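Listed here are the chains, written in short residue letters.
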Amino acid sequence: MGKPQQPDEAQAGAAAEKPPLGVGMVGYAFMGAAHSQGWRTVGRVFDLPRRPVLAAVCGRDGQAVRAAADRLGWAATETDWRSLIARDDVDLVDICTPGDSHAEIALAALAAGKHVLCEKPLANTVEEAEAMAEAAEAAAERGQVAMVGFNYRRVPATALARQMVAEGRLGALRHVRVTYLQDWLVDPGFPLTWRLRKETAGSGALGDLGAHIVDLAQYLAGEPVTGVSALTETFVRERPLPGGASSGLSAVSSAAEAVGQVTVDDAAVFTGRFASGALASFEATRYATGRKNSLCIELNGEHGSLAFDLERLNELSYHDGKEPGAHAGFRRILVTEPEHPYLEAWWPPGHGLGYEHTFVHQARDLVHAIAEGSPPAPSFADGLQVQRVLAAVEESAAKNSVYTSVVV
């Protein structure tokens, strides 16, 4: 008679019996590291219907991608994304590359029968996003899933806010105001990385930060933005060329004095209108000195208001407008209870989560969508809707803030 299984051993054995989901990731820098964290952790926290396996990671530099694989937990490496897609042990292709390659990789992966997770923004142009959404719709008929990585939907507090709006706690929506402020470009000596080139990034703060806040606003409101009036600006138009590979939001300038043109926006400010008639204001900038990753959103309705600050991501502020004025006001909801979204699997109440947990939750939701054959959220169609808003912002700004409709 063998020795009795310990709980951890039994849990590991049960997980091993679940059908594997082989993940192949293209790109391994900032977002690649974040996605890797999610894939490594999700099966150890949540009871999943399939077992994620980090099969292979792809990058152009063989030595660098091998080092990344060792650091991030991937079993194998590829230096050509086409080879990664062709692997029999890859069921899902996770795209963490600059925007100029999203469409080509996603379309090839869907054509090869793979599920796809693509980082935001979905593409660099509306035309690319339309092709991706159309391919995803056709792939869904074959049982494939395609999802966009808007990870701020997966903060428990924002997920709770969505529930409260859907339950009618705010009543008819009147206003949405949202800002996303960073400062990593304040130094004019910061080098000209790919994020500052239109051909690779598509746009600047608008696509990098604006995509997040447009998606989050539409998600929380439960309705699309139908028109915008915008201003954009590029404050520093020339920057030194980079002296090597960039990492995250940091880079080193070349020793030479060569400079290149910045071809994207540094900041975007726009107003908008939702389908219901509610008004919105948006601001996205990488020049807000002192702000590192400040995303704030507030929704005002006829019966109440909600406010969220990413720098206090375990909290949600709520005002119940039906309370007597003598003791009414915003109150803090500490979003750490097991009844709150995603938190049944984490720590005791009061023990907060962080940025990296949004990628664990993203992986959880995607695995469930694949196993259950259910539509993912946000879908490529959702990503296309965001892309259309961004395109309308650029068009409006180019026409001196003329109000520009968004195709819904």
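What counts, and where the lines are drawn
- Residue indices follow the written sequence of each chain, beginning from 1 at its first position.
- Confidence filtering applies because this is a predicted model: local features only for residues at pLDDT of at least 70, side-chain atom pairs given and counted only at 80 or more, and all residues used for totals across whole chains, interfaces and linings.
- Each side-chain value is worked out from all heavy atoms of the structure, with water and hydrogens disregarded.
- A side-chain nitrogen of Lys or Arg and a carboxyl oxygen of Asp or Glu constitute a salt bridge if their distance falls within 4 Å.
- Numbering of helices and strands runs from the N terminus, with a helix taken as a DSSP run of H or I at least four residues long and a strand as a DSSP run of E at least two residues long.
- Buried, partly exposed and exposed residues are distinguished by accessible area as a fraction of the type maximum, computed with a 1.4 Å probe on protein chains only: under 20%, between the cut-offs, and over 50%, respectively.
- The pairing criterion is simple: DSSP has to find at least two bridges between the two strands.
- Helix axes are fitted only over the stretch in contact, all axes being lines through C-alpha atoms; the angle between N-to-C directions runs from 0 to 180 degrees.
- The contact criterion used is simple: two residues touch if any of their non-hydrogen atoms lie within 4.5 Å.
- Note on angle classes: values under 35 degrees are labelled roughly parallel, values over 145 roughly antiparallel, values of 65 to 115 roughly perpendicular, and the remainder oblique.
- It is the rotation of the near helix from the far one that decides the hand of a crossing: anticlockwise by less than a right angle makes it left-handed, clockwise makes it right-handed.
- All residues other than Ala, Val, Leu, Ile, Met, Phe, Trp, Tyr, Cys, Pro, Asp, Glu, Lys and Arg, Gly among them, are scored as polar; the first ten of these are nonpolar and the last four charged.
- What qualifies as a polar contact is a pair of N or O atoms within 3.5 Å, subject to a donor-acceptor requirement within protein and to the restriction that residues adjacent in sequence count only when both atoms come from side chains.
- UniProt positions are given in the numbering used here, feature names are shortened, and annotations may be inferred rather than shown by experiment.
- For every residue, the predictor assigns a confidence score, pLDDT, that lies between 0 and 100.

(A) Structural view of the pattern of salt bridges. Counted under the stated rule, the structure contains 25 salt bridges. Among the ionic pairs, Asp 47 bridges to Lys 18, the shortest N-O distance being 2.3 Å. Of the two residues, Asp 47 sits in the loop between α2 (30–45) and β2 (51–58) while Lys 18 sits in the loop between α1 (7–17) and β1 (20–26), which places them 29 residues apart along the sequence. Glu 395 is paired through a salt bridge with Lys 399; the nearest N and O atoms lie 3.0 Å apart. Judged by relative accessible area, Glu 395 falls into the partly exposed class, the value being 37%. Several salt bridges share partner residues, and in doing so they unite Lys 120, Arg 195, Asp 208 and Arg 286 into one network.

(B) The arrangement of the sheet that holds β2 in detail. In space, the 6 strands of this open sheet follow the order β3-β2-β1-β4-β5-β6, with parallel pairing throughout. With one partner strand each, in any of the chains shown, β3 (76–78) and β6 (146–149) form the two edges of the open sheet. Geometrically, the sheet is characterised by an average inter-axis angle of 25° between neighbouring strands, direction not taken into account. By the bridge criterion, 4 bridges tie strand β4 (residues 92–95) to strand β5 (residues 115–119) in an arrangement that is parallel. Counted as the bridge partner of Asp 94 is Leu 117 from β5. Contacts between α2 and the sheet are confined to β1, β2, β4 and β5, with β2 contributing the most and set at about 155° to the helix. Packing of helix α3 (residues 62–72) onto the sheet brings it into contact with β2 and β3, and relative to β3 it is tilted by some 150°.

(C) Broad picture of the packing of helix α5 (residues 102–111) against helix α6 (residues 126–140). In the contact formed by α5 and α6, the axes pass within 10 Å of each other and the chain directions differ by 15°. For the element pair α5 / α6, the angle class is roughly parallel. When the axes of α5 and α6 are compared, the crossing they make is left-handed. Two secondary-structure elements touch here, α5 through His 102, Ala 103, Ala 106, Leu 107 and Leu 110 and α6 through Glu 128, Ala 131, Met 132, Ala 135, Ala 136 and Ala 139. For the contact of α5 with α6, a count of residues per class yields 9 nonpolar, 1 polar and 1 charged.

(D) Summary view of the side chain of Arg 195. Residue placement: Arg 195 occurs in the loop between β7 (173–181) and α8 (198–201). At a separation of 3.5 Å, a polar atom in the side chain of Arg 195 contacts the side chain of Asp 208.

(E) Spatial organisation of the UniProt feature "domain: Gfo/Idh/MocA-like oxidoreductase N-terminal" (unreviewed entry) in the protein chain. Here the UniProt-annotated "domain: Gfo/Idh/MocA-like oxidoreductase N-terminal" (unreviewed entry) positions come out as residues 22–148. Taken end to end, residues 22–148 is 46% helix and 22% strand, and its first and last C-alpha atoms sit 18 Å apart.

(F) Representation of the confidence of the model for the protein chain. Across the protein chain, the average pLDDT comes to 94, with 93% of residues at 70 or higher. When pLDDT is averaged over each element of the protein chain, β4 comes out on top at 99 and α1 at the bottom at 57. Note on residues 1–5: pLDDT is under 50 here. Beyond four places in sequence and across chains, it has 1 contact.

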